[in-house]
Amino acid sequence: MRTLAFQQGSGKGPDYLVLLHTSAAPDVAEWKAYVDQVGRAMSTAKGALSVFVATDGGGPDAAQRRLLTETFSRGPGDALTHVFTTNAFVRGIVTTFRWVARAPAVAHTPSGFSAVCAACELDPAEVLSDLLAVQKRFASVRIVEQIERYHRHPKRSLSSGDDQGLSRK
């Protein structure tokens, strides 16, 4: 069973990737393919690469995080990862990854999607379109449905503290 799926962003503006992740732990080969894609995208990106991850609870183990950290440190460019989830364990992984690896990664709630995209100078509708395109070829990831719902019917305010570190600067 596939645990994740990803693709290069197709929208106008800065370069980005989208990644969907089920609640299962990442498959080793799938994770390696994803990390390789991150490295290629960083090497060709005009400016910082944004990575938009929607996960139902699956997250990389220590060895997989180390592989991603090495790719970030070797990469010729910068990357900023935005992880959209409601899973507390995944939010902890993101925080730990940011502290230990000194890698730019931030956990967000689905309600923050549009604001995060805008802060990255990307059209939220285009990024959402890419997430939905991956979703059509992959197992259902519930967080994508929540992101879409919040994007289509935004609430007046974001929950405080959930969507810090939006800027690429």
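Attention here is on the structure that accompanies the text.

Rules and cut-offs
Residues numbered from 1 in each chain as written. Predicted model: local features only at pLDDT ≥ 70, side-chain atom pairs only at ≥ 80, totals over all residues. Heavy atoms only, no water. Helix = DSSP H or I, 4+ residues; strand = E, 2+ residues; numbered from the N terminus. Rg over C-alpha atoms; globule rule 2.2 N^0.38 Å. Buried < 20%, exposed > 50% of the residue type's maximum accessible area, 1.4 Å probe, protein only. Arc of directions from axis to C-beta. Contact = heavy atoms within 4.5 Å. Polar contact = N/O pair within 3.5 Å; in protein donor to acceptor, adjacent residues only side chain to side chain.

Things to note about the overall build of the protein
So, step 1. Across its full length, the protein holds 6 helices and 5 strands.
So, step 2. Reading the secondary structure of the protein in the N-to-C direction produces β-β-α-β-α-β-α-β-α-α-α.
So, step 3. Whereas a compact globule of 169 residues would reach a radius of gyration of roughly 15 Å, the protein reaches 14 Å, a difference of no more than 12%.
So, step 4. C-alpha extents for the protein along the principal axes are approximately 40 × 35 × 30 Å.
So, step 5. Residues counted as buried form 49% of the 169 residues belonging to the protein.

A short note on helix α6 (residues 142-152)
So, step 1. Those residues of α6 lying buried are I143, V144, I147 and H151. Down the axis, α6 shows its buried residues gathered within 105° of arc, on one side only.
So, step 2. Buried-residue contacts for α6 involve β2 (16-21), β3 (49-55), β4 (79-84), α4 (113-119) and α5 (124-136).

Some points on the side chain of Q7
So, step 1. Within the element layout of this structure, Q7 appears in strand β1 (residues 4-8).
So, step 2. With relative accessibility at 17%, the residue Q7 sits in the buried group.
So, step 3. In terms of polar contacts, Q7 uses its side chain to reach the side chain of D130, at 3.2 Å.
So, step 4. At a separation of 3.0 Å, a polar atom in the side chain of Q7 contacts the side chain of R137.
So, step 5. Not counting residues within four places of it along the chain, the set of residues in contact with Q7 comprises L17, V18, D130, A133, V134 and R137.

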